[in-house]
Amino acid sequence: MNTLASFYREREQAILGGGFILLLILAWQSVPSLISLPKGISLFFTTPVEVVKALYQLVVRNEIQSHVYVSAVEFVVGLGLAILVGLPLGLVTGRSKILDAMLDPFVTAFNATPRLVFLPLLILWLGIGIWSKIMIVFVGAVFPLLINTYEGVKNVDRVLVSVVRSFGASEWQTMKVVVLPNSVPYVIVGLRLAIGRALLGVVVGEFFGASKGLGFMIATAATNYKVDVVFVGVAIFMGISLILTMSVKRFESKLTRWRPEVAKTF
Amino acid sequence: MAYKEKLSEYRRPLVGAVSVVGLMFLWEFAFTYFIPLDPFFFTKPSLIAVAFKEQTLSGALWVDLAISSKAFLWGFSLAVIVGIPIGVFMGWRRRAEYVLDPFLTALYASPLVALAPLFIIFFGVGLTGKVALIFLLAVFPFVFNVFAGVKCTDRLLVNVVQSFGGKEKDIYFKVILPSILPYIVAGARIAIGRGIVGILVSEFYGASEGIGYAISRFGDTYRLPEMFAAIFLLMIVAVIFTEGLRKLEIILAPWKIGQEAR
Amino acid sequence: MATCIQAKDVSLTFRPKNREPVTALSALSLDVSKGEFVSIVGPSGCGKSTFLNILLGLIKPDTGVMQLNGSRITGPGQDRAMVFQEFGLLPWRTVLGNVELGLELKGVEVSVRRPRARELIEMAGLAGFESHYPHELSGGMKQRVGLARALATDPEVLLMDEPFAALDAQTRDLMQAELLQVWERTKKTVIFVTHSIEEAAYLSDRVVVMSARPGRTKTIIRINLPRPREYEMRLSAKFNEIKAEIWNALKEELMGKGAGNGI
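Reading guide: rules and limits
- Residues numbered from 1 in each chain as written.
- Chains lettered and ligands numbered in written order.
- Predicted model: local features only at pLDDT ≥ 70, side-chain atom pairs only at ≥ 80, totals over all residues.
- Helix = DSSP H or I, 4+ residues; strand = E, 2+ residues; numbered from the N terminus.
- Rg over C-alpha atoms; globule rule 2.2 N^0.38 Å.
- Contact = placed C-beta atoms within 7 Å.
- Buried ≥ 20, exposed ≤ 12 C-beta atoms within 10 Å, placed from the backbone.
- Core = buried A, V, L, I, M, F, W, Y, C linked by C-beta atoms within 7 Å.
- Nonpolar A, V, L, I, M, F, W, Y, C, P; charged D, E, K, R; others polar.
- Pairing = 2+ DSSP bridges.
- Axes fitted to C-alpha atoms, helices over the stretch in contact; angles between N-to-C directions.
- pLDDT = per-residue confidence, 0-100.
- Parallel < 35°, antiparallel > 145°, perpendicular 65-115°, else oblique.
- Left-handed = near helix turned anticlockwise from the far one by under 90°.

When you go through chain B residue by residue, the secondary structure sums to 10 helices and 0 strands. Secondary structure of chain B in N-to-C order comes out as α-α-α-α-α-α-α-α-α-α. Here the C-alpha radius of gyration of chain B, 23 Å, is well above what a compact globule of 262 residues would show, namely 18 Å. Taking the principal axes of the C-alpha coordinates as reference, chain B spans close to 75 × 65 × 30 Å. Taking the contacts inside chain B whose residues are at least 6 apart along the sequence as the reference set, 75% of them involve residues at least 24 apart.

Right, dumping it as structure tokens:
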């Protein structure tokens, strides 16, 4: 009996959290068996089991693979471009006061506005092919990366820089020894935020003006009242988002072990 | 000597303003004299300005903005009313945190906009659907920021209040609530962006009014100056609110030296 | 002299989740007379702060009795107030708002508590700073606010948990002198926890040396220095003898003669 109590005490967090989610899923599954839904609602209702079945069907009939592939390409290319552009720009604006002052109004304005607002423009320019989606992903993901890298570079401890300089380090050496290691945690946070934005970009980009991709699959399924397929898409996005975010977080905590705990603000 | 200090303080916004104005001039100049302007593809500041004047004077753009704002305010207010208590509850009671945190984190991390088509088809393209989607998107920043704020509450201050005989309600009102005010504002700042996404998604998808609809309609009809004008208007609104809240955050918590990733 | 505080066989064990239970106090007994100034010194982790918190009423002991003027302590009350090491001022309240806090929580109305708070602010030497916020004050000033706040409710007993540890040496000396002045004037019973032998010897009537964890009273040393204490007394041979006596009692505990983990 005591071992059960101590087992629970140790795992309380996981048990309560996981248990709650499990409970919700079970409750969701049992709704149609417990109440009879009015026609209007039952059209929009699905159960976890049906979602799994739909996923199975889509995989077996080879319908979902091309969508996943397209979305994946958009995500990877868009995020990759964002990293290639955002990181160097962040580094440079962090070190150069003038460049920072020059770019600041643009960065502030673009960061405050949801990048989604540019989607119709991007579709106008790039059509409904893969490039407009890649661009929306890029525009969404580049700003967290840029801003956080900038913060990381800017917030380097001046005392540390002086210390390194006093040993005769050049600008490049200072960068290598102090600035870059200091900014790594910030960059990782930026990456985590960028991943979320990138996924968002894929989803909304594919809602409007697309012919392929998971978002497109969700939108079409919704119009055809195939709610189970909709949830397949939602679940896949959720799953990817969770996996990626958790991996980055784990990486992040390893790399930021030397930092005092900062409040978690998203 | 003081004049030099003053100058460096204003230097940053000045350089910023100069580069914005400079870009505008460059843009206008380039497309008037050097690069042929394909009206179906691009536009230039002078045309945008004309379209802006026309749209705002005729009132069309304001009407659209008002319609979108109404849905936004409803959804946002609901997010505040629901999100903050949940955040406080989770932050103050450890069991609540254990139960709710994994579930809510999973939801927050996922692109909930993926549910947008479902919402729109279910609720229709009217106010309800928009408000529901905006609420869903905006509630999480409040929950999690307030949660973080409550957890960060200085336990020493709770002890102080208790040592003078303060009861649970005193702790809530005299320590927790004032402490989390800056976190609420930070949450609001993030929630605004997410709420606007909600507006745009609902209005791009199938609405017949609102600023998102306006932008998409202008795009469909290749009216680029109007489109840019509408986008700029939205940008200005977004910046005013976001930066305004940022300033508010600083005013509310001059004692906080926090570092924060945006 | 009348006994004010009586602790008899007080024990407390902490049981944190997922970890070994920790016995903080074990059969601790101590009597404090009314108006006495008693310091408590002891190795880190010996339970001094825990003892103060039990006196304050925030923690209940597992066994034993803690009494104030003959009645059992069951919770925080108006008769005791604490001054904290990290000050514990509400950052969003002005100096005035902070000093008022105790009275406010007791339900005293503004018209009564405000002038009283002002009085104490003046007594603490902070006149003119009523509308300042804690982050605008120096460490010494913050602790004066802490002291003013504690005195505002006119408690019988003042509990002080290493109140000057976060201050620089000079401010610390100043605050010690001011504290003694306040004490002479108000005649409160003071229980003062500190790591500094010198501070304990200089301020107190008696110094209690606690054993290492689990804590109990090991030695009680009476300080036979005249009052009011003067700074020069610290330089005298007699003072050094007293310090040596305290140190000898403390040394054994620090070297791990008692139970509990070593340094």
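This part is about the overall build of chain A. Looking only at helices and strands, one finds 11 helices and 0 strands in chain A. Each helix (α) and strand (β) of chain A, taken in turn from the N terminus, gives the series α-α-α-α-α-α-α-α-α-α-α. In terms of C-alpha radius of gyration, chain A reaches 23 Å, well past the compact-globule figure of 18 Å for 266 residues. Structurally, chain A occupies a C-alpha span of about 75 × 65 × 30 Å along its principal axes. With 266 residues in all, chain A has 39% of them scored as buried. Taking contacts inside chain A between residues at least 6 apart in sequence as the whole, the part at least 24 apart equals 75%.

Turning next to the nonpolar core. In this structure, B:V113, B:I134, B:V146, B:V201 and B:A230 are the most contacted members of the largest nonpolar core, which totals 136 residues. Ranked by the residues each element gives to this core, the list is headed by helix 6 (residues 127–151) of chain B, at 17 residues. Sequence-distant contacts of B:V113, that is, excluding residues within four places in its chain, are made with A:L200, A:V203, A:V204, B:L137, B:V197 and B:V201. If you look at the next biggest cluster of nonpolar residues, it comprises 75 residues, including B:V175, C:V95, C:I121 and C:M160.

Listed by partner, the interface residues are 58 residues for chain A and 54 residues for chain B. Residue assignment for the side of chain A that touches chain B shows that the elements contributing at least two residues are helix 1 (2–34), helix 5 (97–112), helix 6 (119–126), helix 7 (130–154), helix 9 (171–207), helix 10 (214–223) and helix 11 (227–255) of chain A. Taken together, the residues that form the side of chain A that touches chain B break down as 40 nonpolar, 14 polar and 4 charged.

Cis rather than trans, the peptide bond between C:R213 and C:P214 has omega equal to 0 degrees. The omega torsion of the bond from C:R227 to C:P228 falls at 0 degrees, within 30 degrees of zero and hence cis.

Attention now goes to the sheet that holds strand 9 (residues 206–210) of chain C. All names here are of chain C. Taken together, 6 strands build an open sheet; the order of strands is 6-7-8-3-9-10 and the sheet is mixed. Among the strands making up the open sheet, the edge pair consists of strand 6 (80–83) and strand 10 (217–222). Put simply, the sheet's adjacent strands are angled 20 degrees from each other on average, direction ignored.

To continue, consider the confidence of the model for chain A. Looking at chain A, pLDDT values average 85 and 95% of them are 70 or higher. In this model, residues 261–266 of chain A is a region of pLDDT below 50 whose contacts with residues beyond four sequence positions or in other chains number 12 contacts.

Attention shifts here to the packing of helix 2 (residues 95–105) of chain C against helix 3 (residues 110–123) of chain C. All names here are of chain C. Two elements in contact, helix 2 and helix 3, have axes whose closest approach is 9 Å; the angle formed by their N-to-C orientations is 120 degrees. By the criterion of interaxial angle, the relationship of helix 2 to helix 3 is oblique. Crossing angle aside, the handedness with which helix 2 passes helix 3 is right-handed. When helix 2 is examined against helix 3, the residues V95, L96, V99, E100, L103 and E104 are found in contact with a partner set consisting of R113, R114, R116, A117, L120 and I121. In terms of residue class, the contact of helix 2 with helix 3 is built from 7 nonpolar, no polar and 5 charged.

With that settled, consider the packing of helix 5 of chain A against helix 10 (residues 224–252) of chain B. Packing of helix 5 of chain A against helix 10 of chain B leaves a shortest axis separation of 8 Å and a crossing angle of 95 degrees. Regarding the angle of helix 5 of chain A to helix 10 of chain B, the classification is roughly perpendicular. Of the residues in helix 10 of chain B, those touching helix 5 of chain A at A:T108, A:A109 and A:A112 are B:M235, B:A238, B:V239, B:T242 and B:E243. Split into classes, the residues belonging to the contact of helix 5 of chain A with helix 10 of chain B amount to 5 nonpolar, 2 polar and 1 charged.

This part covers the environment of C:P163. Residues and elements named next belong to chain C. Relative to the helices and strands, P163 is located in the loop between strand 7 (157–161) and helix 5 (169–186). Counting along the chain gives 31 residues from P163 to T194, while the straight-line C-alpha distance between them is 8.0 Å. Aside from chain neighbours lying at most four places away, what touches P163 is V83, Q85 and Q143.

Close reading of the predicted structure is inappropriate where its pLDDT is low. Residue and element names in this part refer to chain B. Confidence in the prediction for chain B averages 86 pLDDT; 94% of positions are at 70 or higher. The secondary structure element of chain B with the lowest average pLDDT is helix 1 (residues 2–34), at 82, and the one with the highest is helix 3 (residues 60–92), at 92. Predicted confidence is poor over residues 257–262, with pLDDT under 50, and the contacts of this stretch with residues over four places away or in other chains come to 10 contacts. Interface confidence for the predicted complex, expressed as ipTM, amounts to 0.83; the pTM equals 0.80.

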